[in-house]
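Examination of the molecular architecture
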Amino acid sequence: MIQPRPYSEYLDGIHAALARHPDLIQTMLAAEKSFFCSNSIQTTSQILVDYAAKVTGSHLGLLATFEDSGVLRIHAFHGIDGKEASLGEILNLALGAHEKNGYVELVPGASLLGEVPRTGGPLLLNQPLSHTPSDRVPDGLPRFRNLLMVPIIGHNRLIGQLAVANREGDYQTEHQDMLTALCCLTNRLFICAERAAQKTSLELRLQASQKLEAVGRLAAGVAHDFNNILTGVLGYVEFLQTEDLTPQGRSDLERLRCLGERAAGLVGQLLDFTRKRKVPRRTLNLQGVVQSAVSATRPTLPANVQLLSDLTSRPCCVAGNASQLDQMIKNLIVNATDAMPQGGDLVVRLEEGTAPEDQESGEFGWAKLTVSDSGTGIEDEDLPHIFEPFFTTKKVGKGSGLGLPQVYGIVKQHGGEIDVVSRPGRGTTFVLRLPLSLCPPSEETSCPTEEVALKGLTILLVEDQSHVRKVIQRMLERLGMEVICTSNGEEAMSLDAPVTARVDLVLSDVVMPRAGGDAVLAHWRSQSPGTPVILMSGYALDREREVLENKASAWLQKPIDPRSLEETLRGVLRVPSLEESRP
């Protein structure tokens, strides 16, 4: 919107209007009393628009504020009989503006309601409006003979506009001055309402954040129990696959393995939501990740959905995980597609942006990713819950309710913020901000390929869950390793010296009764610095894991399968021990 003309340019007219209409002050006081008693901008707006129509002799009127640069929200109107005509019909036919549920989208050059924000000043027309030829006006709809609109200005910016129409005679400058004076006297009410709405929005966001944190702690606990169970399930499936089974038995076992991996995937989504799944991160160009996700998704979309991308030509480097970011973008695209059953436009936009006033600025700025659709939108009562795990408005079997929670978690894990703007029937826009990095994109590095012998090595396994301990023990023994099992950290640290001397590696759970993995790690670092210590957990640990990761040789997130276990063991043994790396 253009910078509005300040009220100082209208002072002479305002003073003249106040002299001619002393009841303006009484109307202003009545509006203030109404607002501060009811805290309702709708009730206050109705008082103002009714008075504006009365004092100008107008049959129609409306008062609206700007939600953003392209959307007008109507709070009150005058002279429209719902039995004869709807507000939407009048605005659509007369002013070229498409109204739905009190919201008007202002299309530049196509709506008379957009003239005030376009020019920053009032609009006065004393001829029939060209948007409504008399031969096209249906019965029951008023013909617009003339129109007067004035801006509502506050703190040198456009807040809204007051409009009246269909005066018996022409509108004069004195009518414009009167409405301008009315807006000047009452503009602080709209500023107060705007601030109150912002405060309410911040409070709701804080409540939602606290609720999601609580749900996240619950999800982390659920993930821990499932990860331990799945370690056993997938481990025994792996053992059975080497047995002599019938074709039907092998087929059933493969189905069981697929179901177990699917369950593990759901647990992974929960861990993404809790923002505590261990993933490698590197500096990458977000532009390439977005383009790759869009290109991969476009062929899978219905023919009636048009996917458009608008990506900045400047590199947007962020520190992140390419796989997670790719999944995040695809989730948003799929979610937007599901919201457009009749088809529509889906736009993915990437640019450098700024953070809202209530958010801290990134050290080097922000990458702003926007995903917009023209679909059904989200109902007001559903909007606060869309990031909660397993909450979905889709039909049974159409969604797990983990897509948007996973997006939320990935954004937070990358130090970013996510906002959503949606109105029923008007589509949805997700705005994601990720902190930029000044480091250039890093190349993928591959691990050495030489084989490391595991057969004959002795490993100390510390795990309190008996079924998990037995499964992991079998996995290690199948690799040819000798396994010493203990059920907690205290037992592991009390082993006799001859037994301890035989240990080549330590594999320990983190959360256990009677001394956990942190105690085991500290003990082995002091007693045998050269012995690699690998930590594992089904919990989505946060700060504790960051500390332990810096000291441990490796980290394994449950559920553990034989392949990842073997790769981790060989990877640890390829790296020089702490003792060997010292000068």
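Remember, it's a predicted structure, so these values are computed and weren't measured experimentally. (Residues numbered from 1 in each chain as written. Predicted model: local features only at pLDDT ≥ 70, side-chain atom pairs only at ≥ 80, totals over all residues. Heavy atoms only, no water.)

1. Concerning the packing of aromatic side chains
Centre-to-centre distance and the angle between the planes together describe a pair of aromatic rings. Keep this limit in mind: Pairing of aromatic rings covers Phe, Tyr and Trp, the last counted by its six-membered ring, and requires centre-to-centre distances within 6.5 Å; plane angles under 30 degrees mean stacked, over 60 mean edge-to-face, and any other angle means tilted. Elements are defined by DSSP. Helices are runs of H or I of four residues or more, strands are runs of E of two residues or more, and each kind is numbered from the N terminus. Only protein chains enter the accessibility calculation, which uses a 1.4 Å probe; a residue is then buried when its area is under 20% of its type maximum, exposed when over 50%, and partly exposed in between.
Going through the model one piece at a time under the given rule, you end up with two aromatic pairs. Relative to F430, the ring of F387 has its centre 6.5 Å away and its plane inclined at 65°; by these criteria the two rings are edge-to-face. With F387 in the loop between strand 12 (366-373) and helix 10 (403-413) and F430 in strand 14 (residues 428-435), the pair connects residues that are 43 residues apart, well separated along the chain. Neither F387 nor F430 differs from the other in exposure class; each is buried. Through pairs of rings, three or more aromatic residues link up here, namely F387, Y408 and F430.

2. Points about the confidence of the model for the chain
Caution applies to low-pLDDT parts of the model: their predicted coordinates are not meant to be read in detail. Definition in use: Every residue gets a pLDDT, meaning the predictor's confidence in that residue, from 0 to 100. Only heavy atoms enter the contact rule, under which two residues are in contact if any of them lie within 4.5 Å.
The share of residues in the chain with pLDDT of 70 or more is 79%, and the mean pLDDT across the chain is 80. Low confidence marks residues 131-135, where pLDDT is under 50. Its contacts with residues over four positions away, or in another chain, come to eleven contacts. Low confidence marks residues 577-583, where pLDDT is under 50. Its contacts with residues over four positions away, or in another chain, come to six contacts.

3. Examining the sheet that holds strand 12
Condition: Strand pairing follows a simple DSSP-based rule, namely that at least 2 bridges must link the two strands. Working convention: axes come from line fits to C-alpha atoms, limited for helices to the stretch in contact. Angles between N-to-C directions cover 0 to 180 degrees.
With mixed pairing, the five strands of this open sheet are ordered in space as 9-11-12-14-13. At either margin of the open sheet sits one strand with a lone partner, and together these are strand 9 (305-311) and strand 13 (417-422). On average, each strand axis in the sheet is inclined to that of its neighbour by 15°, with strand direction left out of account. In this sheet, strand 14 lies alongside strand 13 in antiparallel orientation, the contact comprising six bridges. What sits directly across from D419, in strand 14, is V431.

4. Observations regarding a nonpolar patch on the surface
What counts here: Distance thresholds for patches are 9 Å for like charges and 5 Å for nonpolar side chains (Val, Leu, Ile, Met, Phe, Trp, Tyr), applied to residues having over 30% relative accessible area and no salt bridge. Each accessible area is a Shrake-Rupley result for a 1.4 Å probe, and residues are judged covered by the shown protein chains and nothing else. Each reported salt bridge corresponds to a side-chain nitrogen of Lys or Arg within 4 Å of a carboxyl oxygen of Asp or Glu.
Where nonpolar side chains cluster on the molecular surface, the patch consists of I229, V233 and L256 and spans about 220 Å² of accessible area. By relative accessible area, V233 is classed as partly exposed at 31%.

5. Here's the deal with unusual backbone geometry
K558 connects to P559 through a cis peptide bond whose omega is 5°. Take P559: it is sitting in the loop between strand 19 (554-557) and helix 16 (562-574). Non-glycine residue H155 carries a positive phi angle of around 55°. With respect to the helices, strands and loops of the structure, H155 is situated in the loop between strand 6 (147-154) and strand 7 (157-167). On the accessibility criterion, H155 (55% relative accessible area) is exposed.

6. Let's talk about the pattern of salt bridges
Applying the stated criterion across every chain, the model contains 14 salt bridges. Measuring nitrogen to oxygen at the nearest pair gives 3.1 Å for the salt bridge that ties D419 to R433. With a gap of 14 residues between them, D419 in strand 13 and R433 in strand 14 connect regions that are remote in the sequence. Taking the relative accessible area as the measure of exposure, R433 reaches 10% and is therefore buried. With a closest N to O distance of 3.5 Å, D509 and K558 form a salt bridge. Residue D509 is located in strand 17 (residues 505-509), and its partner K558 is located in the loop between strand 19 and helix 16; the two are separated by 49 residues in the primary sequence. Per residue, the accessibility class of D509 equals that of K558, and both read buried. A cluster of three or more residues bridged by salt bridges with shared partners is formed by E463, D509 and K558.

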